[in-house]
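# Per-entry structural report
Listed here are the chains, written in short residue letters.
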Amino acid sequence: MSYRIGIDVGGTFTDFLVVDDDGATSTYKTLSTPEDPSVGVLDGLGQMAADREIGLEQFVAQVDRVVHGTTVATNAVLTNDGAKVGLLTTEGFRDFLHMRRGAKERPFDNKMPYPKPLVERYLVRGVRERTDYRGEVTTELDAAGLSEELDYLREQGVEALAICFMHSYANAANEEAAAAVTRAALPDAYLSVSSELLPQIRLYDRISTTALNSYVGPIIRNYLDKLIERLRGIGFGGVLLIMKSNGGVTTPEHAQAVAVNTVLSGPASAPVAGAQYAGVHGYQDSLTVDMGGTSFDVAMIKDGEPALVNEGKIGPWNLAIPVVDIVTIGAGGGSIASVDNGILSVGPASAGADPGPACYGFGGDRPTVTDADLVLGYLDPDYFLGGTMQLDKERSEAVISEQIAAPLGISVHEAAAGIYDLINVNMAVGVREVTVRRGYDPRDFPLLCAGGAGPIHAGMIALELEVPVAIVPSESSIFCAAGMLMSDLKHDFVRTYKVELDGADLDRLRAAFAEMVEEGRRTLEEEHVDVDRIRRQQTADLRYLGQNNELSIPLPEEVLASGDLGALVAAFHRRHDELFGYSTPEIGLELVNLRVACVGATEKPGMVEQPYDGEDPGAAFKRERSVYMRNRGWLEVPVYDGHLLRHGNLISGAAIVEQRNTTILVLPEFDLVCDRNGSFVTYLRDHADAGPSRYVAAGATAGSGT
Amino acid sequence: MSGPGTDIDPVLAAVLGKRMRAITEEMAIGVRRSSRSSGLSEAADFVTGLFDAKGDMLEQIDCIPVISFSIPPALKGIIAQYGDDLAPGDVILHNDVFSGANQMADLAVYRPVFFAGELVAWAVTKGHMADIGGGVAGAYNPRAREVLQEALRVPPVKLYERGTLRRDVWDLVFANVRFAIVADDVHALVGGARLGERKLVEVLERYGVETFRAAMTYLADATEARVRSELRSFPDGTYGGESWLVNDGFDAAARHLIAVDVRIADGEIEFDFSRSGAQAPGYTNAPRTVASCMALTAVLMMIDPDIPHNAGLYRPFGFRFEPGSIVDPEPPAATGFGNHIGDLIFEAIMAALGEVVADRATAGWNRHLTCIWTGEDPRTEQPFVELGYMIARGGAGAAADVDGWDHLGLVFNPMMVTQDLEVLELQTPFTMLKYEFLPDSAGPGRRRGGLGVETVFRFDAPTSCSILGDGLESEEAPAPRGLFGGMQGTGNTLTLTFPDGREYAPGSKELVDVPSGTIWHQRQGGGGGFGSPAERSAELVAGEVRDGLLSTERAARIYNHVQ
C-alpha cells in the first residue's frame, strides 16, 4: 500500500487527509504547535501509523507524497514577527514602503494607530544609484557606499536583505550589481532582489513584495529545513511539495527561495478542491465558502480553475503576485451579535476560541452565531464535535435574551433567528463581492461548503443569492488539506512591455512569452515534471490609452501566431463593460504587462465511487428534533447520521444531517442527495438542476436501485 | 423616530443597509479602475453614493467628505429644477457652486433610478477633474476675481436623455475644457453611476419599493438616534474656535478670519460661522457646503466612526452663515480654493471642541501646500497635467491614544492616495530626487504629531505651476497647534532653484512658469502633539532617534533624552 497525505497547518488545528492507492480516504486533526509546527505534523503521522497498527517508520516508508500548506509565513506577517530585514533602496526613497502611498483604511478613526513598519527605518538604507523611466542608468551604482551600508547592516545583525531600486523592472543592471556585492558581503543572509522576483512597474508594489519575501524568507527556510530533517529522520523518502498562494504547489527549494509565494497559501487550496468536487457533477464554475470560527473565506472557480488576482494584500501590505482571489470577511461561528439604538449587527468582532461562544462555558458572555445556531435547534448540544464537547444551551438563551431580544422587543427565538439571518447576509455580501466585481452572477455558481460551521448556513446563503445548488463534501472540515493533494505545480511570470497595442512589436511579444515559457519549463524540469504534463496560460494586461489600471485578458498562442489581435481587443471591450458599466471602442488600447502561468500537472488521487444504495435514507435516521425558522416557527425535523448515508440516499428538507465535525441544515426549500463520492448535494427543489439524477452514478436512476 | 415596535423588520433593514454600502463600493471600484487621470485612478479623489428620491443620503463610500457631503444640497436643487421631467437613462451633469456644489473642479454625474415607472433613488458619482476650463489650466486660478475667470460653470444639464448621449451638450462642455482625459474621466463617472443603477434595480426587483423605503427610513431614524445619543455625551454649551487664512492670492500679507461657535444642546449641534470675515477678493472663498462638510468630518472623528453614512447622520446638525463671508460668498465670487480652506475650517472646529471632547479630538494637522502642474511633455508632445497629491502629504494631528499619522495630508481628503513614483515619472516629465519623511517635523507630545514629507524633484520640461495651499513659514502662517500640553507642529517651506542657480521662494497661492531643469524643493510640515512631551515613553523617543526621525539635539532639548 502507498499513501499520499495533504497537511494543512492552521492556527488551531492541523488537518490531514490520507489517500491510499485505492482512493480510500481517512482524515485526522491534531492540535497545532505554533512554536514548531512540525511537531504537530509528526503527531498526526504517528496517529496514522497507530491506526494502521504499524510502526511510524514503516508507515512513512509507504508515503510517496506529502503536500503541505502552512500559515507560518502568514502569521509572521500578521503578528509583526518576521525576520530582521535590511532594505536597500535608491537614495532618497527610504520611506516609500512604510508610507504605503498614504492609505488610511479608516479615515475617521482617531484611535487607529499607524501601521508598524515591516522594516525598521534604521535598517532601510539608501544607495546612490539611479535608472530612469526608459531603463537607462543615469547614475552608476556606488559600490563603495553600498559596502559601507552592508557593513552597517551586518553589525546590526540582519538575517535577510532586500534590494529594490527605482525602475529596476526596466533595467536590472544596478540591482544585479548590488546583489553581487551583497552576496559577497553577507553570503549567509537571505536575499531578495526585486527585478528577479517581480520585474513589474510600481515601486510600492515591488518594494512591498520584495521586502515581504525577505521578511518571511528565513522563517520559511528554517521551518522547511526542520520539517525535511524530521521527515527524513523517520525515513520519509517521497516527494514533499509546498502549497503556494496561487493555488499551485512547488518544491521546498523554490518555496524557500520565493518565500513570499507562501504568504497566502493557507486557504489557497480550497478552490482547488472545490473545482474537483463540483467538476464531478459537470459544474465548471463554482464558489467555495469556508466558514470557520472567526472568518469566512470565499473563492471563485471559473472554467474549472481557481480565479486569481494579480495582486493581494496581507495586513497593511501590498502583495503584487498572482494569488487565489479569496475574499475574507469577519464572519464565523464566534461572531458577536449586538444591538445599538435598535440596529442589530453581527461581527466582525469575534469571541474566537477563547473565551468563545457563551455556550462553550469558557467564560464568554456575548451572544455569538454559534449560540444562535444552538438556540434555534440547528446544533445538538450533546453532539458537538461528535459529542466530545458539551454545549450549554441555557447560557446561549440567557445572553441572547438579555442582549438582543430585550432591546429589540422580540422573543429570544426571533432574536436568534435575526442573528442567523444577518450573519448569512454578511456572508452573502462576501460571496457577491467575489462574483460581481468580476462581472459574474452568483446564481450561476453552485456553492461548495467547507469548514465546520459552513453547512448550517450555506442553505440560507444560497437562498439569499438565489444559488440553486450547494455541495457539502464529506471531507468538508478538512477541505484545504484535500485541495492540497489535488494541486498542480505552478509558476507565474511577468514582463512589463508598455506600448500602444497597435504599434506593438509582435516579435518582441513572442520573444517575451517564449522567454517566460522557457523559464517555466526549466523550473518545472527542476521539479521533475515531464514536458508532456506542462501546460501554460498566456495573458496580456491591457487598458485604454491613458488608463492606469489594467484588465488581464487571455492571449492564446494561436492568436499571437496569427498576428491578428482583433479577438483580444474585442474581449477587452466586453470585459470592460461588464465590470465598469461602459466601453469606448473608439479609444485605442495599451499593453502593459505580459504574463505566463506554467502548470505541471501532478497525479491526482482518484475518488472512491460507492455502489448505489437507493433513495431510502432510513438506515441513517437518528431521531426527530425541533428547530425554529423565521416565518415558520417551530418545526419537527428528522435528523440523519451523515456517516451512515449512502450513495443515492435522498432527503427532503427540512432536515438535519449530522457528522462529527459538521452539521448540515437542509432548508424546507431544498432536497439533499448523497452523491457517488459520498458528498452531500443540496438543491432547490423547484429549480432546473433539481432532482438526484445528476448527482448519482451513471446508470443508477432515481428509485431503481442497483 | 421609529424604532423597536414599528412594523419594519429591523433585520431586513440592516440587510438592505449593507447592500447599499456594497453597491457604492462596487461603483467606486469601477470608477477607480477605469478612469484616466491620476486624480481619480491613482489618488481616488472621487466619491460614489446612493440617494433617495428627495436627495437624502442612503449610503456612500468612505472617501472624500468635502465632495460627498455636498451632494445632497446640489441634488435637492436638481430635483426641484427638473420635477417630473426625468426619465430612465437620463444623466445630469453638474458642478456649479452657486447651486449647491463645493468646487467647480469636482464634477458630478447624477443618474435617476426608476423602478416600475417611478423615480425611487439616485446613483451619483463625483470626482475631481484635471481641468474644468477657466483662466488657468488645472482649475486653480489665484488671479480670478469672479467665478467666470476660473472655471466653466455647469448648472444642472442633461448629458444623456433616456440613455442617449446629448452630443450637443457633450461638445459644449468639452469645447471649454483643456484636456481630453477629462472627457474620458466623465465616461468613467457615467459608467459608475450606471453600475449603481443596475445593482439598485436588482434590489428593488427582489424586495419591492415599499419595503426598500421603509428599511431606509428605519436606518436613517436609527442612525439619527445614535448620533443624538453620542452628542448628548458631549457637555452642553457654546464653544468658540478660530483659524486664519494667510495670503488671499492678491495680498500675501492678508489675514482672513475663520470663526465658528459650536452650540451643543440636547443632542443637537449647531455650527455658527457668522463671525467669520468678509469674502476675499480672489478664489480663497469656500461655498457654504464646504464648512458643513468639514463640520461632519470633525464630528465623525469624535463619535463612533462606524456609524452609517446616511441622512440620519446629519439631521441633528444645524448651520448659520453670514452671506457674503469667506465661508458663504455671494455670486459672482471666485471659489476655486474653497475646498482647500477645509483644513482651516476643521482647525477652527477642533480649536472649539478639542478640549471638550478630549479623548477623541486631534491636535492641529498640517496645513497643506500643493500645486497643479501643466505643460507639454517633450517625450510625447502631448499636454500633461499632474495634480500634486504626493506633495500635499503632511502630518496629521496627534490624538489621545495614537500618534498623528505620518505622510497623511488633507483632512478634507483623508482617503487620497499618493501617485506611485515610477508611474509618475512615466506619465509626467519630472525626475524625482527625494521623497522621504521629514525628520524633526512632528509636533512633540505624549503622542507626537504625524511627520511631514520632504519632496525634491527636477522638471524635465517647461512647466506652469499653480501653487495653492497655506501654512508657509515664509508667510508666517500659524503652525499646527498642540493640544493638552502637546507642542505645535511645523510649517511648510518651498524653494524653486532655476537652472541658472537662482533661488525663488514662491507664495502659497501663485502662478509660476519654470524652465526645464528647475528643481522643486518642498518641506511639508508635521502635525501638532497631544499631551506633555515629558510623558512620552523613552523607548519611543530612543527608537525615533535611532531611526533618524528625531535629531539627538531635539530629543535632548524637548524629551530630555540622553543617548
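Quantities reported herein were computed from a predicted structural model and do not represent experimental measurements.

### Concerning the confidence of the model for chain B
Of all residues in chain B, 97% attain a pLDDT of 70 or more, and the chain-wide mean is 93. Under a pLDDT of 50 for its full length, residues 1-6 of chain B has, in the predicted model, eight contacts with residues more than four places off or in other chains.

### Some words on the sheet that holds strand S5 (residues 118-128) of chain B
Residue and element names in this part refer to chain B. Read across the sheet, seven strands follow the order S2-S1-S5-S4-S3-S6-S7 without closing on themselves; strand pairing throughout is antiparallel. Each edge of the open sheet is held by one strand with a lone partner, namely strand S2 (57-60) and strand S7 (164-165). Inspection of the sheet shows strand S6 (residues 157-161) paired to S7 by two bridges, in the antiparallel sense. By the bridge assignment for S7, Glu 161 is matched with Thr 164. Contacts from helix H6 (residues 180-207) reach strand S1 (46-52), strand S3 (91-94), strand S4 (106-115), S5 and S6, with the element oriented near 25 degrees to S4. In this fold helix H7 (residues 209-232) packs onto S2, S4 and S5, with an angle of close to 55 degrees to the strand it touches most, S5.

### Remarks on the domain arrangement of chain B
Residue and element names in this part refer to chain B. Once the domains are mapped, chain B shows domain 1 (10-225) and domain 2 (362-563). Residue-level contacts link 23 residues of domain 1 with 22 residues of domain 2. By the criterion of area lost to domain 2, the three top residues of domain 1 are Glu 42, Ala 43 and Tyr 140, representing 26% of everything that side buries. Joining domain 1 to domain 2, the criterion identifies five residue pairs in polar contact (both at pLDDT 80 or more). Residues of the side of domain 1 that touches domain 2, tallied by class, amount to 13 nonpolar, five polar and five charged.

### So, the state of the cysteines
All names here are of chain A. Counting across every chain of the model gives zero disulfides over all chains. Cys 449 forms no disulfide, and the closest cysteine sulfur to it belongs to Cys 480, at a distance of 14 Å. Free cysteine: Cys 674, not disulfide-bonded; nearest cysteine sulfur from Cys 449 at 15 Å. Accessibility expressed as a relative area gives 1% for Cys 674, which makes it buried.

### Let's talk about the nonpolar core
Among the nonpolar cores identified, the biggest contains 238 residues, and Ile 5 of chain A together with Tyr 110, Trp 122, Phe 271, Ile 345, Trp 373 and Trp 520 of chain B are the most heavily contacted of them. The dominant element in this core, judged by the number of residues it contributes, is helix H8 (residues 203-233) of chain A, at 13 residues. Residue contacts for Ile 5 of chain A: discarding those within four places in its chain leaves Phe 16, Leu 17, Val 18, Leu 45, Met 48, Phe 59, Val 63, Arg 65, Val 66, Val 67 and Leu 485 of chain A. Within the second largest apolar cluster, 108 residues are counted, among which are Leu 447, Ile 461, Tyr 628 and Ile 656 of chain A.

### With respect to the pairing of strand S16 (residues 463-469) of chain B
In the case of a regular strand, side chains alternate between the two sheet surfaces. All names here are of chain B. Among the seven residues of S16, six are classified as buried, and the element is accordingly described as predominantly covered. The pairing of strand S12 (residues 369-377) with S16 spans seven bridges and is antiparallel. Each bridged residue has a counterpart across the sheet, and for Trp 373 the counterpart in S16 is Cys 465.

### Some details on the sheet that holds strand S10 (residues 190-193) of chain A
Residue and element names in this part refer to chain A. Sheet architecture is open: four strands sit in the order S6-S5-S9-S10, paired in parallel fashion. The sheet is open, and its two edges are formed by strand S6 (124-127) and S10, each paired on a single side. The mean angle between the axes of side-by-side strands here comes to 20 degrees, regardless of whether they run parallel or antiparallel. Bridge count for strand S5 (residues 85-90) against S6 is four bridges, and the pairing is parallel. In the sheet register, Leu 87 faces S6, and the bridge partner there is Val 124.

### Considerations on unusual backbone geometry
Following Gly 653 of chain A, the chain continues into Ala 654 of chain A via a peptide bond in cis, with omega recorded as 5 degrees. Cis rather than trans, the peptide bond between Pro 331 of chain B and Pro 332 of chain B has omega equal to 0 degrees. When you line up the elements, Pro 332 of chain B lands in the loop between strand S11 (317-320) and helix H10 (342-353). Positive phi outside glycine occurs at Asn 80 of chain A, with the angle close to 55 degrees. Within the element layout of this structure, Asn 80 of chain A appears in the loop between helix H3 (72-78) and S5. The partly exposed category is assigned to Asn 80 of chain A, whose relative accessible area is 40%. Phi at Arg 101 of chain A takes a positive value of approximately 55 degrees, unusual for a residue other than glycine. Checked against the element boundaries, Arg 101 of chain A lands in the loop between helix H4 (96-99) and S6.

### Points about the pairing of strand S35 (residues 680-684) of chain A
All names here are of chain A. When you tally the buried positions in S35, you get five out of five residues, the bulk of the element. Of the two faces of S35, the one holding Phe 680, Thr 682 and Leu 684 and the one holding Val 681 and Tyr 683 are both buried throughout. The sheet contact formed by strand S34 (residues 670-674) and S35 spans five bridges and is antiparallel. Among the inter-strand pairings, Val 673 is bridged to a residue of S35, identified as Val 681. Here S34 folds back onto S35, and the loop between the two strands holds five residues, one of which, Gly 678, carries a positive phi near 90 degrees.

### Details of the packing of helix H5 (residues 143-156) of chain A against helix H6 (residues 173-185) of chain A
Residues and elements named next belong to chain A. It is the contact of H5 with H6, at a shortest axis distance of 10 Å, that shows an interaxial angle of 40 degrees. In terms of their interaxial angle, H5 and H6 are classed as oblique. Note that H5 runs across H6; the crossing there is right-handed. When H5 is examined against H6, the residues Leu 146, Ser 147, Leu 150 and Arg 154 are found in contact with a partner set consisting of Ala 178, Val 181, Thr 182 and Ala 185. Partitioning the contact of H5 with H6 into residue classes produces five nonpolar, two polar and one charged.

### Let's talk about the pattern of salt bridges
All names here are of chain A. Going through the model one piece at a time under the given rule, you end up with 88 salt bridges over all chains. The partner of Glu 557 in a salt bridge is Arg 536, and the shortest N-O contact between them spans 3.0 Å. Here Arg 536 lies in strand S26 (residues 534-544) and Glu 557 lies in helix H17 (residues 557-562), a separation of 21 residues in the sequence. On the basis of relative accessible area, Arg 536 is assigned to the partly exposed category, the value being 39%. Residues Arg 543 and Glu 590 are paired through a salt bridge, measuring 2.9 Å at the closest nitrogen-oxygen approach. One end of the pair, Arg 543, is in strand S26; the other, Glu 590, is in strand S28 (residues 589-600), and 47 residues separate them in sequence. Like Arg 543, the residue Glu 590 is buried in the burial classification. Three or more residues are tied together by salt bridges with common partners; here these are Asp 380, Lys 622, Arg 623, Arg 625 and Glu 658.

### Some remarks on the interface of chain A and chain B
Contacts between the two partners involve 76 residues from chain A, matched on the other side by 86 residues from chain B. When the two sides are added together, the surface that chain A and chain B hide from each other amounts to roughly 7000 Å², 55% of it contributed by carbon and sulfur. By the criterion of area lost to chain B, the three top residues of chain A are Arg 101, Phe 108 and Asn 110 of chain A, representing 13% of everything that side buries. At the junction of chain A with chain B, the criterion picks out 10 salt bridges. Asp 340 of chain A is the partner of Arg 226 of chain B in a salt bridge, and the nearest nitrogen-oxygen pair spans 3.5 Å.

The rules we used
- Residues numbered from 1 in each chain as written.
- Chains lettered and ligands numbered in written order.
- Predicted model: local features only at pLDDT ≥ 70, side-chain atom pairs only at ≥ 80, totals over all residues.
- Heavy atoms only, no water.
- pLDDT = per-residue confidence, 0-100.
- Contact = heavy atoms within 4.5 Å.
- Pairing = 2+ DSSP bridges.
- Helix = DSSP H or I, 4+ residues; strand = E, 2+ residues; numbered from the N terminus.
- Axes fitted to C-alpha atoms, helices over the stretch in contact; angles between N-to-C directions.
- Domains from an automatic or database assignment.
- Buried area = accessible area lost by both parts, 1.4 Å probe.
- Polar contact = N/O pair within 3.5 Å; in protein donor to acceptor, adjacent residues only side chain to side chain.
- Nonpolar A, V, L, I, M, F, W, Y, C, P; charged D, E, K, R; others polar.
- Disulfide = S-S within 2.5 Å.
- Buried < 20%, exposed > 50% of the residue type's maximum accessible area, 1.4 Å probe, protein only.
- Core = buried A, V, L, I, M, F, W, Y, C linked by side-chain atoms within 4.5 Å.
- Parallel < 35°, antiparallel > 145°, perpendicular 65-115°, else oblique.
- Left-handed = near helix turned anticlockwise from the far one by under 90°.
- Salt bridge = Lys/Arg side-chain N within 4 Å of Asp/Glu carboxyl O.

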